[in-house]
Amino acid sequence: MPIIPSLLLAAAGVVAPPPAKITAPLRLQRVTVVVRTRDLLHVTLHAPILPGAPASGMTGQRLTLGAARIPLAGAVDVTVGGGETRADFDVRLSEVPEDVLTVDPNRAPVLWEGVGPGGAVVLALGGTLDLGDPGDVEVPVKDLYRAYVTLTDFTIMPGLTAVTVRGLLGLYNPFGFEVAATKIELKVTAGAYTVLAVQRPGFRLRARQQSDVLLDQDVPLADAAGGVAAFMKGDPALLEGAIALRTPRGDRPVPLHMSVAR
């Protein structure tokens, strides 16, 4: 409200009404994520159509994931159309606090709030999501692997009595804090056959660095002959497994799934 009319109303004993308060957030339906770079994600929250006129006068925004406050980059960007309300923002992963490790990824409470002058909430989107469910969180898996997981120099080399499986698995930690991996389990298959199954001890994923896990294992030829034959015929080798990350609420498995052609 302009300053002169406000003063006149105050002098007349009339108090301007405060901004409308949000009684409940719009139900968060799904989230889409675009991996812009290793360190920057673009996130879109989708909720039902906003009843009434679109909220205006938002000067800031905040996001909480569980009990963790997630810093956001850029200005407020809210659109209403196509039967839904959308909030768009960027997240710099290096700024995400370590508290995010306390969040249960299968039941993650998400709350986005658009605030006006004085910090009053004028629009909110919220709900509990399964971060691993594509119906709740849509993110291109290929982009995730391209940014955070690499497998290089992979070979399966048969010998007279043994098969040597080699490769270098690279894991990039985009956060500004160190993460402890308690163990990593890997299985290599080709066709319907297992070539290798191995478990490695824990290691540390340094902040904003890539950590390499060397895969160099000899397997008796009799145990891997079927998989080697399938790989040599052109079937891709599948590397599957999980890396267990230590969190304040226990170890959390992060699945791995990669395909390597001959």
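A brief report on the enclosed structure follows. None of the values given here were measured: they were computed from a predicted structure. (Residues numbered from 1 in each chain as written. Predicted model: local features only at pLDDT ≥ 70, side-chain atom pairs only at ≥ 80, totals over all residues. Heavy atoms only, no water.)

### Some points on the environment of His257
Here comes step 1: Inspection of the secondary structure puts His257 in strand 17 (residues 250-260).
Here comes step 2: Of the polar contacts made by the side chain of His257, one reaches the side chain of Glu240; its length is 3.0 Å. (Helix = DSSP H or I, 4+ residues; strand = E, 2+ residues; numbered from the N terminus. Polar contact = N/O pair within 3.5 Å; in protein donor to acceptor, adjacent residues only side chain to side chain.)

### Some points on the sheet that holds strand 12 (residues 162-173)
Here comes step 1: Read from one edge of the open sheet, three strands run 11-12-15, paired in antiparallel fashion. Of all the strands in the sheet, the pair left with one neighbour each is strand 11 (149-158) and strand 15 (209-220). For this sheet the average axis-to-axis angle between neighbouring strands, irrespective of direction, equals 10 degrees.
Here comes step 2: Examined bridge by bridge, strand 11 and strand 12 share eight bridges and lie antiparallel to one another. If you follow Thr150 over to strand 12, its bridge partner there is Gly170.
Here comes step 3: Helix 2 (residues 141-148) rests against strand 11 and strand 12 of the sheet, and its axis sits at about 85 degrees to strand 11.
Here comes step 4: Contacts between helix 3 (residues 221-232) and the sheet are confined to strand 11, strand 12 and strand 15, with strand 15 contributing the most and set at about 115 degrees to the helix. (Pairing = 2+ DSSP bridges. Axes fitted to C-alpha atoms, helices over the stretch in contact; angles between N-to-C directions. Contact = heavy atoms within 4.5 Å.)

### What about the side chain of Thr164?
Here comes step 1: Within the fold, Thr164 resides in strand 12.
Here comes step 2: Of note is the side chain of Thr164, whose polar atom sits 2.6 Å from the side chain of Asp218.
Here comes step 3: Thr164 has contacts with Thr155, Ile156, Met157, Asp216, Gln217 and Asp218, leaving out every residue within four places of it along the chain.

### Description of the pairing of strand 13 (residues 179-190)
Here comes step 1: Across eleven bridges, the pairing between strand 13 and strand 14 (residues 193-205) is antiparallel. Considered in strand 14, the bridge of Leu186 is made with Val198.
Here comes step 2: From the end of strand 13 to the start of strand 14, which pair antiparallel, there are two residues, and Gly191 there has a positive phi angle of about 65 degrees.
Here comes step 3: Sheet analysis places strand 13 next to strand 16 (residues 237-247), joined by nine bridges and oriented antiparallel. Bridge pairing in strand 16 places Ala181 opposite Leu245.

### A short note on helix 3
Here comes step 1: With twelve residues, helix 3 should reach 16 Å at 1.5 Å per residue; the first-to-last C-alpha distance of 14 Å falls well below that figure.
Here comes step 2: For helix 3, the full list of buried residues reads Ala224, Gly227, Val228, Ala230 and Phe231. What you see down the axis of helix 3 is that its buried residues fit within an arc of 160 degrees, all on one side.
Here comes step 3: Gly234 occupies a position one or two residues after helix 3 and carries a positive phi of about 120 degrees. (Expected span 1.5 Å × (residues − 1). Buried < 20%, exposed > 50% of the residue type's maximum accessible area, 1.4 Å probe, protein only. Arc of directions from axis to C-beta.)

### What about the packing of aromatic side chains?
Here comes step 1: Overall, the coordinates contain one aromatic pair when judged by the stated rule.
Here comes step 2: A centroid spacing of 5.1 Å and a plane angle of 10 degrees characterise the contact between Phe175 and Phe177, whose relative ring orientation is stacked.
Here comes step 3: With relative accessibility at 22%, the residue Phe175 sits in the partly exposed group.
Here comes step 4: Against the face of Tyr172 rests Arg38, its NZ or CZ located 3.9 Å from the ring centre. (Phe/Tyr/Trp six-rings, centres within 6.5 Å; stacked < 30°, edge-to-face > 60°. Lys NZ or Arg CZ within 6 Å of the ring centre and 35° of its normal.)

### Overview of unusual backbone geometry
Here comes step 1: Of note in the backbone geometry, Asp153 takes a positive phi value of approximately 55 degrees without being a glycine.
Here comes step 2: Among the secondary structure elements, Asp153 is positioned in strand 11.

### Focus on the pattern of salt bridges
Here comes step 1: Taken as a whole, this structure holds eleven salt bridges when the rule is applied.
Here comes step 2: The residue Glu138 makes a salt bridge to Arg30 at a minimum N-O spacing of 3.6 Å. Pair noted here: Glu138 is in strand 10 (residues 137-138) and Arg30 is in strand 2 (residues 30-37), with a separation of 108 residues, a long-range link.
Here comes step 3: Taking relative accessible area as the criterion, Arg30 reaches 31% and is therefore assigned partly exposed.
Here comes step 4: In this structure, Arg146 engages Asp143 in a salt bridge whose closest nitrogen and oxygen atoms are separated by 2.6 Å. Taken together, the residues span about one helical turn, with Arg146 and Asp143 both in helix 2 at a distance of three residues.
Here comes step 5: Ionic contacts of the salt-bridge type, sharing partners, join the residues Glu178, Arg204 and Arg206 into one network. (Salt bridge = Lys/Arg side-chain N within 4 Å of Asp/Glu carboxyl O.)

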